[in-house]
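# Structural description and commentary
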Amino acid sequence: MRILVIGANGQIGRIVVDKLKDSEHTPVAMVRKEDQAAAFKDEGVEAVFGDLEQDISRAFDNIDTVVFTAGSGPHTGADKTILIDQEGAMESIDLARENGVKHFVMVSGLGVENARQAGEKMRPYMHAKYRADEHLKQSGLSYTILRPGLLTNDPATDKVELFVNQPEPGEVTRADVASVLAEIVNQKPADRVYYLLGGQTPVGELF
Ligand SMILES: NC(=O)c1ccc[n+]([C@@H]2O[C@H](COP(=O)([O-])OP(=O)(O)OC[C@H]3O[C@@H](n4cnc5c(N)ncnc54)[C@H](OP(=O)(O)O)[C@@H]3O)[C@@H](O)[C@H]2O)c1
C-alpha cells in the first residue's frame, strides 16, 4: 500500500516513514522544503511537495492510506494553528475522500474534547484538533484517530496502553507513537478513537 505521511519531516513523521520503509508498504513523504525531499530521496523514500497552507491536491494521487502527523507547533500563534492543524487537516480529509483513500489515520491529542477547560494558550490548538477529528468522523472515510498524551523523546519501549475512554493525563514517547501508527496502518482499526499512553502492552498485541 502507498501511505502518504503528512508531516513526514516531523519528529514522529520521520520515525513513521522509517518504519514503513522497512515494511511491505511504500511511504510517500509529504514535505515543504527542497532539502527535506532530497534527504528522503537519499534514503530511497518517495517525497512529494505539499504545504498545508496551499494547494496539496497533487500529493493524493494513487494513495491508499494517509497518516496525518503535521502540526504548526508551539512556537506559532493561533492563526497558524487554525490554518494548519484545523483547516489543513480538514482539507487533507476532503482530498483523501475525493481521491478514494481507503483509511485515514489522524494524530490528535489527549484532551482535545475539553478545549473549553484548557488554558488560554492551549485552547486554539485543542479546538483546532477537535474540529479536525470531528470532520474526519463525519467524512465517510474509514478512520483511526489516535490521541496520545504528552510526547517525550525518550527511547522506544514498544509497550504502551490504548484506551477507548479518555484516561488521566500521562506521557508517551514519540518513538512509541510512531510504532503504534505503523501498526494502525497494518491493522486498519476502522472508525475508532484511541487514547495512547506509555504502558505495558506490546505494540504488536494492541489490535
Ligand atoms: N507535543 C505534544 O505533547 C503532543 C501531544 C499530543 C499530540 N501532539 C501532536 O503530535 C503531532 C506530531 O508531533 P511531532 O512532535 O512529530 O511534531 P513536529 O516535530 O513539530 O512535526 C510537525 C510537522 O508538521 C509539519 N508542518 C508544519 N506546518 C506545515 C505546513 N504548513 N504544511 C505541511 N507540513 C507542515 C512540519 O514541517 P517542517 O518539518 O517543514 O517544519 C513538521 O514536519 C502534532 O500534530 C501534534 O499536534 C503533540
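What counts and what doesn't
- Residues numbered from 1 in each chain as written.
- Predicted model: local features only at pLDDT ≥ 70, side-chain atom pairs only at ≥ 80, totals over all residues.
- Heavy atoms only, no water.
- Buried < 20%, exposed > 50% of the residue type's maximum accessible area, 1.4 Å probe, protein only.
- Helix = DSSP H or I, 4+ residues; strand = E, 2+ residues; numbered from the N terminus.
- Pairing = 2+ DSSP bridges.
- Expected span 1.5 Å × (residues − 1).
- Bend = angle between axes of the 7 residues up to and from the residue.
- Contact = heavy atoms within 4.5 Å.
- Arc of directions from axis to C-beta.

## Quick look at the pairing of strand β8 (residues 159-163)
- Burial of β8 is one-sided: the residues Val160 and Leu162 facing one way are buried, the residues Lys159, Glu161 and Phe163 facing the other way are not.
- Two elements, β8 and strand β11 (residues 201-202), share 2 bridges in a ladder whose sense is antiparallel. When the bridges of β11 are listed, Val160 appears paired with Thr201.
- When β8 meets strand β10 (residues 192-198), the two strands line up antiparallel, connected through 4 bridges. Bridge pairing links Val160 to Gly198 in β10.

## Here's the deal with helix α3 (residues 78-98)
- For α3, which comprises 21 residues, the first-to-last C-alpha distance of 28 Å matches the rise-based estimate of 30 Å (1.5 Å per residue) to within 8%.
- At Glu87, α3 shows its maximal kink, close to 30°.
- Taken as a whole, α3 has its buried residues at Thr81, Ile84, Asp85, Gln86, Gly88, Ala89, Met90, Ser92, Ile93, Asp94, Leu95 and Ala96.
- Packed against the buried residues of α3 are β1 (2-6), β4 (65-68), β5 (103-107) and α4 (123-137).
- Positive phi appears at Gly100, one or two residues downstream of α3, with a value of about 70°.

## A word on helix α1 (residues 11-21)
- Looking at α1, one finds that the buried residues are Ile12, Gly13, Val16, Val17 and Leu20. Considered in projection along α1, the buried side chains sweep an arc of 130° and stay on one side of the axis.
- Elements that come into contact with the buried residues of α1 comprise β1, β2 (26-31), α2 (34-42), β7 (150-152) and α5 (174-187).

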